Each structure stands twice: as structure tokens, then as C-alpha cells.
Amino acid sequence: MKQIVMLEERREFLTQALKLVGGCVCVSALAACETDGLKSSNIAVRYDVSQTSELSTIGGAVKQAFDGQNGGFPVLIIRMDDDDFLVLSSICTHQACEVNLPGDGDPNIWCECHDSVFDRSTGDVVNGPATAPLQRFEASFDKSTETLTITF
């Protein structure tokens, strides 16, 4: 009888230990594969839109790096209309590869590493494996000076 109780206790111990190890492995894997975005540093940078011909038309897009921001990766700047710009991280939320600029008339932003697709007007996931949208940065545009202020 004592041997049966010890076997049951051992089985219960091993079951709980494996659940704990499995949980840790899953959490670690998810953390490595899927990032929700970057922490805000509350640093504002100014960008002269008039110096970039691609941003002179609605729908135009560029990649632009800002020293020390967005983890060293550039951001995507997309002109949404005359007075509105969308600024997104170029870091894919699946495995941190750099996404491509949206093409002319293409509604999507593509990550070539694993074929994740993001909507060019929101940064939302259109097709995985990514499950989180691209990080969006606050941006305001001063039409009189053609200056876009981006807050990281």
C-alpha cells in the first residue's frame, strides 16, 4: 500500500513539474515570437515632409530612420490625405523582421520573412502569422511649415 501511495505522489509531482516547465516554454516562445510594439519614450522629432517627393502625394510612403528611435529601425511614413500622416514601426510583430513599404496602389504592407500582411491605412494584421498590429506612433502635421512631428 505504501508503494502505491508513493507512486501516486511521484506521478502527481512529475505531472505538476511538467505543466510548470511546459508553461514556461510556451510563455518564452510567445514572448520571442510576438511583440506588441515598442515602449513610448515620449521623444518628439520633426520631419520636413517637403524634402521627400514620395510624400507629396496622398498614398505616398517612405521609410525614415530617426537616431535612437524605434529600436534603430526606420519607421514607415504614409501620407493619408492633405493634412494627415500615418507613422508605423517597420518592425514586424511576428519575429521582428523589417517590413516592406506598401507599393503603388497596394493596400498592404508585407513582411517577406514569414509572409505577414498589414493594412497600409491602419497597420492592422490582414494575414498572419503575425497577430498584433504594427506599432503606431503619434504624429501631427503643420501644413504651413510642412513639418511632421512624430512622438516616439
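Residues numbered from 1 in each chain as written. Predicted model: local features only at pLDDT ≥ 70, side-chain atom pairs only at ≥ 80, totals over all residues. Heavy atoms only, no water.

A.B. asks: How should I be thinking about the overall build of the protein in this particular structure?
C.D. replies: When its secondary structure is counted, the protein shows 1 helix and 9 strands. Taken from N to C terminus, the helices and strands of the protein fall in the order α-β-β-β-β-β-β-β-β-β. Expressed as a percentage of contacts within the protein between residues at least 6 apart in sequence, the contacts between residues at least 24 apart total 46%. For the protein, the computed accessible surface area is about 9300 Å², with 54% contributed by carbon and sulfur atoms. (Helix = DSSP H or I, 4+ residues; strand = E, 2+ residues; numbered from the N terminus. Contact = heavy atoms within 4.5 Å. Areas by Shrake-Rupley, 256 points an atom, 1.4 Å probe, with all protein chains shown as cover.)

A.B. asks: Looking at this model, I keep getting lost on the sheet that holds strand 6 (residues 116-119). Mind explaining?
C.D. replies: Each strand in a sheet pairs with its neighbour through backbone hydrogen bonds, running either in the same direction (parallel) or in the opposite one (antiparallel). If you walk across this open sheet you meet the 3 strands as 5-6-7, and the pairing is antiparallel. Of all strands in the sheet, those bounded by a partner on one side alone are strand 5 (108-111) and strand 7 (125-127). For this sheet the average axis-to-axis angle between neighbouring strands, irrespective of direction, equals 35°. Pairing of strand 6 with strand 7 involves 2 bridges; the strand directions are antiparallel. Paired with Val117 across the bridge in strand 7 is Asn127. (Pairing = 2+ DSSP bridges. Axes fitted to C-alpha atoms, helices over the stretch in contact; angles between N-to-C directions.)

A.B. asks: What am I meant to see in the pattern of salt bridges here?
C.D. replies: Once their charged atoms are close, side chains differing in charge can pair, the charge on each being opposite to the other. Counted under the stated rule, the structure contains 2 salt bridges. Close ionic contact of Asp83 with Lys143 constitutes a salt bridge, the shortest N to O distance being 3.6 Å. Placement of Asp83 in the loop between strand 3 (75-81) and strand 4 (84-89) and of Lys143 in the loop between strand 8 (136-142) and strand 9 (147-151) is noted, with a sequence separation of 60 residues between them. On the accessibility criterion, Lys143 (46% relative accessible area) is partly exposed. (Salt bridge = Lys/Arg side-chain N within 4 Å of Asp/Glu carboxyl O. Buried < 20%, exposed > 50% of the residue type's maximum accessible area, 1.4 Å probe, protein only.)

A.B. asks: Teacher, can you tell me more about the nonpolar core here?
C.D. replies: What tends to happen in soluble globular proteins is that the nonpolar side chains get buried as a cluster. If you look at the biggest cluster of nonpolar residues, it comprises 15 residues, and the most contacted ones within it are Tyr47, Phe66, Ile77, Leu148 and Ile150. At the level of elements, strand 1 (44-48), strand 3, strand 4, strand 8 and strand 9 are the ones that each hand at least two residues to this core. Those residues in contact with Tyr47 that lie beyond four places of it in its chain are Thr52, Leu55, Val62, Gln64, Phe66, Ile77, Glu146, Thr147 and Leu148. Ranked by size, the runner-up nonpolar core spans 13 residues in total, among them Ala61, Val99, Cys111 and Phe118. (Core = buried A, V, L, I, M, F, W, Y, C linked by side-chain atoms within 4.5 Å.)

A.B. asks: Looking at this structure, how should I read the sheet that holds strand 4?
C.D. replies: In spatial order, the strands read 1-9-8-4-3-2; together these 6 strands make up an open sheet with antiparallel pairing. In this open sheet, the two strands that pair with only one neighbour each are strand 1 and strand 2 (61-64). Along the sheet, successive strands turn relative to each other by an average axial angle of 25°, direction set aside. Pairing of strand 3 with strand 4, which is carried by 6 bridges, proceeds in the antiparallel orientation. Opposite Asp81, over in strand 4, you have Asp84 as the bridge partner.

A.B. asks: What is the right way to look at the packing of aromatic side chains in this model?
C.D. replies: Any two aromatic rings considered together are summarised by their centre-to-centre distance and by the angle between their planes. This structure, assessed with the given rule, holds 4 aromatic pairs. Ring geometry for Tyr47 versus Phe66: centroids 5.9 Å apart, planes at 85°, classification edge-to-face. Here Tyr47, found in strand 1, pairs with Phe66, found in the loop between strand 2 and strand 3; they are 19 residues apart in sequence, far enough to count as distant. Its relative accessible area of 12% is what places Phe66 among the buried residues. Both rings, one in Phe66 and one in Phe152, keep their centres 5.8 Å apart while their planes meet at 55°; by these two values the pair is tilted. With Phe66 in the loop between strand 2 and strand 3 and Phe152 in the segment after strand 9, this pair connects stretches of sequence that are 86 residues apart. Among the aromatic residues, those joined into a cluster by ring pairs are Tyr47, Phe66, Phe137 and Phe152. (Phe/Tyr/Trp six-rings, centres within 6.5 Å; stacked < 30°, edge-to-face > 60°.)

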